[in-house]
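If you want the building blocks of each chain, they are given just below.
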Amino acid sequence: MNEQATTQTSQTQAAPAATAAKPARGITLHESAVGQLKKLLEERQTPEAGLRIAVRGGGCSGLAYVMEWAEKPREKDKIFERDGVRVFVDPKSYLYLLGTEIVYESTLMASGFKLNNPNVKGSCGCGESFSV
(Lines give C-alpha, C1' and ligand atoms only; values in the text may rest on other atoms or scores of the structure.)
Protein backbone atom coordinates (compact mmCIF):
# COMPACT_ATOMS: atom_id res chain seq x y z
CA MET A 1 0.00 0.00 0.00
CA ASN A 2 2.74 2.47 0.90
CA GLU A 3 4.61 1.76 -2.35
CA GLN A 4 1.52 2.52 -4.43
CA ALA A 5 0.90 5.77 -2.60
CA THR A 6 4.54 6.84 -3.08
CA THR A 7 4.45 6.02 -6.79
CA GLN A 8 1.24 7.95 -7.34
CA THR A 9 2.56 10.96 -5.42
CA SER A 10 5.81 11.13 -7.37
CA GLN A 11 3.95 10.83 -10.69
CA THR A 12 1.65 13.66 -9.67
CA GLN A 13 4.58 15.85 -8.62
CA ALA A 14 6.55 15.14 -11.81
CA ALA A 15 3.71 16.10 -14.16
CA PRO A 16 3.90 19.91 -13.71
CA ALA A 17 7.67 19.91 -14.31
CA ALA A 18 7.25 18.02 -17.58
CA THR A 19 4.57 20.47 -18.74
CA ALA A 20 6.72 23.49 -17.90
CA ALA A 21 9.66 22.10 -19.93
CA LYS A 22 7.75 22.02 -23.25
CA PRO A 23 8.87 24.64 -25.79
CA ALA A 24 6.37 27.25 -26.92
CA ARG A 25 4.26 26.22 -29.91
CA GLY A 26 4.53 28.04 -33.17
CA ILE A 27 6.69 30.99 -34.07
CA THR A 28 6.67 34.33 -32.31
CA LEU A 29 7.70 37.72 -33.64
CA HIS A 30 9.59 40.01 -31.27
CA GLU A 31 8.60 43.67 -31.32
CA SER A 32 11.91 44.54 -33.02
CA ALA A 33 11.19 42.12 -35.89
CA VAL A 34 7.65 43.46 -36.34
CA GLY A 35 8.92 47.03 -36.60
CA GLN A 36 11.59 46.18 -39.17
CA LEU A 37 9.27 43.98 -41.24
CA LYS A 38 6.64 46.76 -41.34
CA LYS A 39 9.27 49.19 -42.55
CA LEU A 40 10.51 46.81 -45.25
CA LEU A 41 6.99 45.99 -46.44
CA GLU A 42 6.16 49.70 -46.74
CA GLU A 43 9.36 50.29 -48.76
CA ARG A 44 8.41 47.42 -51.10
CA GLN A 45 4.85 48.81 -51.29
CA THR A 46 3.47 45.32 -50.64
CA PRO A 47 1.75 45.52 -47.25
CA GLU A 48 -0.21 42.29 -47.89
CA ALA A 49 2.96 40.25 -48.48
CA GLY A 50 4.77 38.31 -45.80
CA LEU A 51 8.11 36.82 -44.89
CA ARG A 52 8.58 33.17 -45.83
CA ILE A 53 10.93 31.24 -43.56
CA ALA A 54 12.05 27.76 -44.52
CA VAL A 55 14.61 25.19 -43.44
CA ARG A 56 16.62 23.49 -46.20
CA GLY A 57 19.38 20.92 -46.21
CA GLY A 58 22.82 22.43 -46.67
CA GLY A 59 25.58 24.31 -44.96
CA CYS A 60 28.37 22.86 -42.87
CA SER A 61 26.06 21.80 -40.03
CA GLY A 62 23.38 20.12 -42.15
CA LEU A 63 20.45 22.58 -42.20
CA ALA A 64 20.12 26.24 -43.14
CA TYR A 65 17.45 28.93 -42.82
CA VAL A 66 16.03 30.52 -45.95
CA MET A 67 14.14 33.82 -45.85
CA GLU A 68 12.36 35.41 -48.77
CA TRP A 69 9.37 37.60 -49.53
CA ALA A 70 6.09 35.95 -50.47
CA GLU A 71 3.10 37.77 -51.90
CA LYS A 72 0.71 35.29 -50.27
CA PRO A 73 0.81 32.02 -48.32
CA ARG A 74 0.84 28.65 -50.06
CA GLU A 75 -2.03 26.23 -49.53
CA LYS A 76 -0.59 24.28 -46.55
CA ASP A 77 1.51 27.05 -44.98
CA LYS A 78 1.31 27.84 -41.31
CA ILE A 79 0.68 31.58 -40.90
CA PHE A 80 1.91 33.57 -37.90
CA GLU A 81 0.84 37.18 -37.49
CA ARG A 82 1.53 40.04 -35.12
CA ASP A 83 0.38 43.63 -35.58
CA GLY A 84 -0.39 43.05 -39.27
CA VAL A 85 2.96 41.43 -40.13
CA ARG A 86 2.75 37.88 -41.43
CA VAL A 87 5.24 35.02 -41.54
CA PHE A 88 4.62 31.95 -43.70
CA VAL A 89 6.16 28.55 -42.93
CA ASP A 90 5.73 25.32 -44.88
CA PRO A 91 4.70 22.22 -42.85
CA LYS A 92 8.10 20.48 -43.09
CA SER A 93 10.06 23.55 -41.95
CA TYR A 94 7.53 24.14 -39.17
CA LEU A 95 8.71 20.95 -37.45
CA TYR A 96 12.24 22.41 -37.15
CA LEU A 97 11.00 25.89 -36.16
CA LEU A 98 8.59 25.07 -33.31
CA GLY A 99 9.12 27.53 -30.48
CA THR A 100 11.32 29.89 -32.52
CA GLU A 101 11.33 33.62 -31.84
CA ILE A 102 12.27 36.01 -34.64
CA VAL A 103 14.22 39.06 -33.48
CA TYR A 104 15.74 41.96 -35.41
CA GLU A 105 19.13 43.07 -34.11
CA SER A 106 21.19 46.06 -35.17
CA THR A 107 24.74 46.52 -33.88
CA LEU A 108 27.83 48.38 -35.05
CA MET A 109 29.09 45.20 -36.74
CA ALA A 110 25.92 43.90 -38.38
CA SER A 111 22.16 44.03 -38.51
CA GLY A 112 19.58 41.46 -39.45
CA PHE A 113 16.99 38.97 -38.37
CA LYS A 114 17.98 36.36 -35.83
CA LEU A 115 16.04 33.16 -35.20
CA ASN A 116 16.19 32.05 -31.57
CA ASN A 117 15.40 28.40 -32.18
CA PRO A 118 15.19 26.18 -29.06
CA ASN A 119 15.54 23.04 -31.23
CA VAL A 120 19.10 23.78 -32.38
CA LYS A 121 21.67 21.39 -30.93
CA GLY A 122 24.70 22.76 -32.78
CA SER A 123 25.68 25.37 -35.35
CA CYS A 124 28.66 26.27 -37.49
CA GLY A 125 31.09 29.08 -36.71
CA CYS A 126 29.56 31.49 -39.21
CA GLY A 127 26.03 30.92 -37.83
CA GLU A 128 24.52 30.23 -41.25
CA SER A 129 23.69 26.57 -40.65
CA PHE A 130 22.57 24.39 -37.76
CA SER A 131 21.75 20.86 -36.64
CA VAL A 132 18.91 19.48 -34.53
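Residues numbered from 1 in each chain as written. Predicted model: local features only at pLDDT ≥ 70, side-chain atom pairs only at ≥ 80, totals over all residues. Heavy atoms only, no water.

K.L.:
How should I be thinking about the side chain of Ser93 in this particular structure?
P.N.:
Along the chain, the position of Ser93 falls in helix α3 (residues 91–97). With a relative accessible area of 1%, Ser93 lands in the buried category. A polar contact of 2.8 Å, which involves the side chain of Ser93, links it to the side chain of Asp90. Discounting chain neighbours no more than four positions away, the residues touching Ser93 are Ile53, Ala54, Val55 and Arg56. (Helix = DSSP H or I, 4+ residues; strand = E, 2+ residues; numbered from the N terminus. Buried < 20%, exposed > 50% of the residue type's maximum accessible area, 1.4 Å probe, protein only. Polar contact = N/O pair within 3.5 Å; in protein donor to acceptor, adjacent residues only side chain to side chain. Contact = heavy atoms within 4.5 Å.)

K.L.:
Would you take a moment to explain the pairing of strand β6 (residues 100–106) for this structure?
P.N.:
It is a general feature of regular strands that their side chains alternate between the two faces of the sheet. Here three bridges tie strand β1 (residues 27–29) to β6, and the two strands are oriented parallel to one another. Paired with Thr28 across the two strands is Glu101, which belongs to β6. Sheet analysis places β6 next to strand β7 (residues 111–116), joined by six bridges and oriented antiparallel. Its bridge partner lying in β7, Ile102 is registered against Leu115. Following β6, the chain reverses through four residues before pairing antiparallel with β7. (Pairing = 2+ DSSP bridges.)

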